[in-house]
Amino acid sequence: MRLHLLLLLALCGTGTTAAALSYSLRGNWSICNGNGSLELPGAVPGCVHSALFQQGLIQDSYYRFNDLNYRWISLDNWTYSKEFKIPFEISKWQKVNLILEGVDTISKILFNEVTIGETDNMFNRYSFDITNVVRDVNSIELRFQSAVLYAAQQSKAHTRYPVPPDCPPLVQKGECHVNFVRKEQCSFSWDWGPSFPTQGIWKDVRIEAYNICHLNDFTFSPIYDKSAQAWNLEIEATFDVVGSKPVGGQVIVAIPKLQTQQMYNLELQPGKRIVELFLNISKNITVETWWPHGHGNQTGYNMTILFELDGGLNIEKSAKVYFRTVELIEEPIKGSPGLSFYFKINGFPIFLKGSNWIPADSFQDRVTSELLRLLLQSVVDANMNTLRVWGGGIYEQDEFYELCDELGIMVWQDFMFACALYPTDQGFLDSVRAEVAYQIKRLKSHPSIIIWSGNNENEEALMMNWYHISITDRPIYIRDYVTLYVKNIRELVLAGDKSRPFITSSPTNGAETVAEGWVSQNPNSNYFGDVHFYDYISDCWNWKVFPRARFASEYGYQSWPSFSTLEKVSSTEDWSFSSKFSLHRQHHEGGNKQMLYQAGLHFKLPKSTDPLRTFKDTIYLTQVMQAQCVKTETEFYRRSRSEIVDQQGHTMGALYWQLNDIWQAPSWASLEYGGKWKMLHYFAQNFFAPLLPVGFENENTFYIYGVSDLHSDYSMTLTVRVHTWSSLEPVCSCVTEHLVMKGGEAVHLYEEPVSELLRRCGNCTRESCVVSFYLSADHELLSPTNYHFLSSLKEAVGLCKAQITGTSLNPRLCSQTYREEISNPKKITSVSMAPASLSALVFQQQKLMLPSQLPGQANMSHMDLVPVAALGPSLEQLGGHHLSAR
Ligand code: BMA
């Protein structure tokens, strides 16, 4: 659906009139800095940083310490200008508008030297009437003010009380008062990202000319009428009627595949007009619904709308329509105080599996269609069905949501406010209102978006008093909070889009937050709504540290990106864990130490005599640690979906922090900058599998739960095997009787005291043996082969060195032997080795387990400490089949 990109030249048949003409101002502009000492060409859409780089005036902004070196760029006030001739006769048009789809951020706009308007919000779309100033030959100028300086001014002018936080923590090396400017909040720095507060025209610019009337936009929402058991479509079209006379005509809406066509008469009065149409789809026609990935197809239907208006004016639009319902279920749960918090899609409860999305680059002009597709394909490839578009970034480009519709990725859409309190003076509110109304219109027709959420962590910031506000002042901030998210944003959502739920914040207690007056005493409660959970101190192999919450919308652990990614932005002297560079790129206080601490709990830390080897091995080990930690935590949430334990449970969502990276630095991401898979992403493919056996210990008893996201029950068996680390043959193996895995449930399948398991299996000790298990039926493997460690790997006995070579699907590297490292092993097709031991077998049988970089084969001090991802059955054992559950 490209409603807002489809332009607008509609000349239909004889006797028709041109609806509108559009002239793009994309391409080459001229850019100059505040004092005129720098003048250069620059592309639109684009930004000053990109222009300077393209002209060779600066290096790559991501290289080494350039985020600090190039701070001056964002502190200057730049001007974008262009002269152009309009290639049609302008005098023939009654109305001419300048449309700016995205301006970043604070600017004054002059058209033929006349000020026509100002911008203060990068998330808004601006339209200025230039009918009286436009000529055949024109000049346009956008005079920007540094967003950093503007934010400081705004904060200073807010004299009545402070609006914290003033500045980000020093370790982030960022700019201050970002909460005073409607701009990508993380562009002033974040705990995983640099400070690049860009300036520029970041989206399309064009001139639109029209007569009689103009269709500004149109949206639609499919609504299911339960009592009539039929689908309807609510369509809304916004017009600008230019002349002083009403415009009459008719509109024909057609969805051929659903044998639906309806005609309506309309009469548009002068001025801005909204037309609402209601399309009934006969209940005798089968409508295929849109399903999230893993639950069904993403069927969509082509729809055309033809407005035939007075004066032979024909306007035709087309779009893809998807039908689905979404409900957020908050109801009492037996045996647990509080309320459930889960989503039903098309009436079916769905466990949300996925991650959190952040902007894919500080410079949006570098985010190509290919990159978006690569990242989003990686989401479904890892068996995820949901992304949360986090509130510190941007409302993503249309293509992002189109891809999510197409791939079946549900989107939890935050409004762009994060980790701060915000002002509510009228100017700020007006700007936010325009932004929110526009974004709802732009995005509401996407089936992928299943919820709107007011902000990221601001209810928690307020109620847990992150900014040390005195108790007597708190009411002021609560009032501001309610004004912004409830009285403005929520009101706009309710007025503009009734087709999906709205919550005020994440984490929040949902209905309980509402009941407590829109702010809860503990917004992170396990009994209501969603939680965010971070703990870098406790041992992540111990599932008991994780909250048995209704829905975990953020949790995670950091790791370093692979050496091949870092190498591009660093030099030799940077390549150690304690280098100035390694400290500089770490924006989370204590992050590098936390990673080593957590890894050291279960792995031997690398200590080669070769410092480069140690650096690479350490990077690698942080990825192993991160993958294993997030696996343990996610499996805990998945196995908690059907249970109430100690009055807590019924977990119905696991979205780890974070999917992607904005630059090459340590972070919580599973995809590196550019899209390369970290170890965690390979793990996610397994721990998010639709059918999964999950193993864990409680009080020295080993348990296996079976988790199913499928819609039906299946009969299968569970195989449990015990291996010694030093041999390829399992020391014992048992297969259960046929059991029925209930669809959409997590159930207890197996338990055995560890001592008995070890006794049963020869001479096993916790240190010498490891357990693996999988689900299968009729010689088909139905789940990934999962595993359970009986001791820390640093204590494991009998591990041998692996001899590993591999090939990559990467066309440039195709068929090359895998030696030190594959630069983009997103898909590794095959791995061969001399499997001298079980630790080698791990890699051979479980391709997904391949690390994003393998240590060289010599001096692989920690190679024998690689965790075993799967000790799966061989194909022969399965009768030659290797099929997935669906
Ligand atoms: C939460 C997120 C982000 C942050 C992450 C890791 O606070 O909402 O703000 O990057 O944790 O610290």
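Residues numbered from 1 in each chain as written. Predicted model: local features only at pLDDT ≥ 70, side-chain atom pairs only at ≥ 80, totals over all residues. Heavy atoms only, no water.

## Topic: the overall build of the protein
- Assigned secondary structure in the protein consists of 17 helices and 45 strands.
- Relative to its full complement of 886 residues, the protein shows a buried share of 63%.
- Restricting the contact set of the protein to residue pairs at least 6 apart, pairs at least 24 apart contribute 71%. (Helix = DSSP H or I, 4+ residues; strand = E, 2+ residues; numbered from the N terminus. Buried < 20%, exposed > 50% of the residue type's maximum accessible area, 1.4 Å probe, protein only. Contact = heavy atoms within 4.5 Å.)

## Quick notes on the packing of aromatic side chains
- Tallied over the entire structure, the rule returns 63 aromatic pairs.
- Aromatic pair F343 and F551: ring centres 6.2 Å apart, planes at 75 degrees, arrangement edge-to-face. In this pair, F343 sits in strand β23 (residues 342-345) while F551 sits in the loop between β30 (531-533) and β31 (552-555), placing the two residues 208 residues apart along the sequence.
- The exposure class of F343 is buried, given its relative accessible area of 0%.
- Of the residues examined, F551 reaches a relative accessible area of 0% and is grouped as buried.
- Ring centres of W543 and F696 lie 5.4 Å apart, and the angle between their planes is 80 degrees; this geometry places the pair in the edge-to-face category. Note that W543 is positioned in the loop between β30 and β31 and F696 in strand β35 (residues 691-698), a separation of 153 residues in sequence. Like F696, W543 is buried.
- Grouping aromatic residues by their ring pairs yields a cluster made of F533, W543, F546, Y555, F636, Y637, F696, Y703 and Y705. (Phe/Tyr/Trp six-rings, centres within 6.5 Å; stacked < 30°, edge-to-face > 60°.)

## Brief notes about the site of the ligand
- Around the ligand sit W190, D191, W192, W390, C419, N456, E457, Y534, E554, W657 and W668, and those are all the residues in its vicinity.
- Between the ligand and W390, the relevant distance is 3.1 Å, taken from an oxygen atom to a side-chain nitrogen or oxygen of the residue.
- Here an oxygen atom of the ligand and a side-chain polar atom of N456 are 2.9 Å apart.
- Summarising the interface, the protein chains cover 91% of the accessible area of the ligand, which totals 300 Å² for the free molecule.
- For the shell around the ligand, the residue count by class is seven nonpolar, one polar and three charged. (Near = heavy atom within 4 Å. Polar contact = N/O pair within 3.5 Å; in protein donor to acceptor, adjacent residues only side chain to side chain. Areas by Shrake-Rupley, 256 points an atom, 1.4 Å probe, with all protein chains shown as cover. Nonpolar A, V, L, I, M, F, W, Y, C, P; charged D, E, K, R; others polar.)

## Side note on the side chain of T513
- Assignment of secondary structure puts T513 in helix α10 (residues 511-515).
- Judged by relative accessible area, which is 0%, T513 ranks as buried.
- Apart from the residues lying within four places of it in its own chain, the contact partners of T513 are E459, T504, T508, W518, V519 and S520.

## Things to note about the pattern of salt bridges
- Using the criterion set out here, one finds 33 salt bridges in the structure.
- A salt bridge links K183 to D104, with the nearest nitrogen and oxygen atoms 2.5 Å apart. Taken together, the residues K183 in the loop between α4 (147-157) and β11 (188-190) and D104 in strand β6 (residues 103-104) connect sequence positions 79 residues apart.
- Overall, the relative accessible area of 0% leaves K183 in the buried class.
- The shortest N-O distance in the salt bridge between D204 and R206 comes to 3.1 Å. Each member of the pair, D204 as well as R206, is classed as buried.
- Salt bridges sharing common partners tie together R26, E101, R125, D204, R206 and E208. (Salt bridge = Lys/Arg side-chain N within 4 Å of Asp/Glu carboxyl O.)

## As for the nonpolar core
- Grouped together as the largest cluster of nonpolar side chains are 135 residues, with contacts concentrated most on W357, L376, F400, F415 and I489.
- For this core, the leading source of residues is helix α14 (residues 611-639), giving 11 residues.
- If near-sequence neighbours (up to four positions away) are discounted, W357 is found in contact with L372, L375, L376, L387, R388, V389, W390, E396, F400, L659 and N660. (Core = buried A, V, L, I, M, F, W, Y, C linked by side-chain atoms within 4.5 Å.)

## A few points about the sheet that holds strand β14 (residues 205-210)
- In space, the four strands of this open sheet follow the order β1-β14-β5-β9, with antiparallel pairing throughout. Both outer strands of the open sheet, β1 (20-24) and β9 (126-129), are each paired with one neighbouring strand and no more. Here the average twist between neighbouring strands, direction ignored, is 25 degrees.
- Relative to β9, strand β5 (residues 95-100) runs antiparallel, the two sharing four bridges. Within β9, the position partnered with L98 by the bridge is F128. (Pairing = 2+ DSSP bridges. Axes fitted to C-alpha atoms, helices over the stretch in contact; angles between N-to-C directions.)

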